[in-house]
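# Results of the structural survey
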Amino acid sequence: MNTSMPTSLTSDARAILKQPKVTKQAVDSFHQIENPRHRHLIRTLVQKIHDYVQEVELTEEEWLYTINFLTKTGQMCHDQRQEFILLSDVLGISMLVDEINNQKDINQTPSTVFGPFFVDKMPIRNFADSIVVDGEQPETPLLVKGQIRNTKGEPITNAYIDVWQTADNGMYSGQDPNQKIDNLRGLFISDSEGNYAFKSSLPVSYQIPSDGTVGQLLNYAKRTFWRPAHIHFKIAAEGYQTLVTHLFTDNDEYLGSDAVFGVKEGLIVQPVLKSADEASEKHFGLKKDYYLIGYDFILTRS
Ligand SMILES: [Fe+2]
């Protein structure tokens, strides 16, 4: 008996004919979800996972391994550690979602990955405060300052600017039991002219955590754990799309090989060494030489 399909069928029709009965049953079983977007998301997800399983001819052993891997990934998560976000980051999914959803206006500041180390409800700090609240202030402090504006160039007042970065040991508070939770974190509010400023230390490149399932995966794939030095920002203002982004310092050896694919050209900045003067002391409390990063963030209307 000739079991081959008629050659006149389209490729879509062939795929449907080759589709196992259970795939159709599983996809169709979600047809009663009332929200059309949710129905589409779940049915497409089921279809694509079935396609994958079929394409790679997944063995039972491999399926069990996958279940165990995802179980362990969930077990790594707690209030200050999010292994699933890290997994999404190293798979490039976080940046893909970012590309689909953000940067619709060419004039806005580029966004990038949120990352797994954000801690909500950090203390509100005053203009030009230091976010180094644990241990010594850095020998040469870093001043980060600029303005929050919209795409028409108008200043945005009362924007909430969350910042977070690692300590010199490459670890975030929450990861490192020796740091207070609010160390190198803080929430700033832009002033009546949209200005913000804070003091910190120069960020360092660091390795993402290797003690969980993501580490296991990267080791197995012989991939790098390094991220180039950066400071995280989450900027929210009423009527505007929340901006999640980083500023990367230039001349970092990992700019071209970020483990989570987060680097964008428009986010690379050059810290400039400055001498303290009367104005730096008066406005920012800087009495000695410091590094300056000047960067204006441009938000788009929501
Ligand atoms: Fe980071």
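Relevant structure appears above.
Residues numbered from 1 in each chain as written. Predicted model: local features only at pLDDT ≥ 70, side-chain atom pairs only at ≥ 80, totals over all residues. Heavy atoms only, no water.

### Observations regarding the pairing of strand β7 (residues 230–236)
The element β7 is largely enclosed, with a buried count of five among its seven residues. As defined by bridge partners, strand β2 (residues 160–164) adjoins β7 across five bridges and the pair is classed as antiparallel. Bridge pairing in β7 links Val163 to Phe233. Where β7 hands over to strand β8 (residues 243–249), the hairpin turn is made up of six residues, of which Gly239 adopts a positive phi near 90°. (Buried < 20%, exposed > 50% of the residue type's maximum accessible area, 1.4 Å probe, protein only. Helix = DSSP H or I, 4+ residues; strand = E, 2+ residues; numbered from the N terminus. Pairing = 2+ DSSP bridges.)

### Here's the deal with the coordination of the iron ion
For the iron ion, every protein donor is listed as Tyr172 (OH), Tyr206 (OH), His230 (NE2) and His232 (NE2), and the spread of their distances is 1.9 to 2.1 Å. With four donor atoms in place around the iron ion and angles of 89 to 160° between them, the coordination shape is irregular. (Donors = N, O, S within 2.8 Å, 3.2 Å for Na, K, Ca; no water. Tetrahedral: all angles 85-135°; square planar, octahedral: opposite > 155°, others 65-115°.)

### Description of the environment of Leu70
With respect to the element layout, Leu70 can be found in helix α4 (residues 60–75). With relative accessibility at 38%, the residue Leu70 sits in the partly exposed group. Here the alpha-carbon distance between Leu70 and Glu83, two residues 13 residues apart in the chain, equals 9.9 Å. Discounting chain neighbours no more than four positions away, the residues touching Leu70 are Phe84 and Leu87. (Contact = heavy atoms within 4.5 Å.)

### Focus on empty space enclosed by the protein
Taken as a whole and judged by the stated rule, the model has one cavity of 30 Å³ or more. What the largest cavity holds in volume is close to 60 Å³. For the largest cavity, the full set of lining residues is Leu86, Asp89, Val113, Gly115, Pro116, Phe117, Tyr206, Ile208, Arg227, His232 and Val260. Its residues assigned to classes, the lining of the largest cavity comprises seven nonpolar, two polar and two charged. (1 Å grid on protein atoms, 1.4 Å probe; cavity = no way out; pocket = protein on both sides within 12 Å on 5 of 7 lines; lining within 4 Å. Points joined across faces, edges and corners; volume = space filled by probe spheres on them. Nonpolar A, V, L, I, M, F, W, Y, C, P; charged D, E, K, R; others polar.)

Honestly, it's all geometry; don't read function into it.
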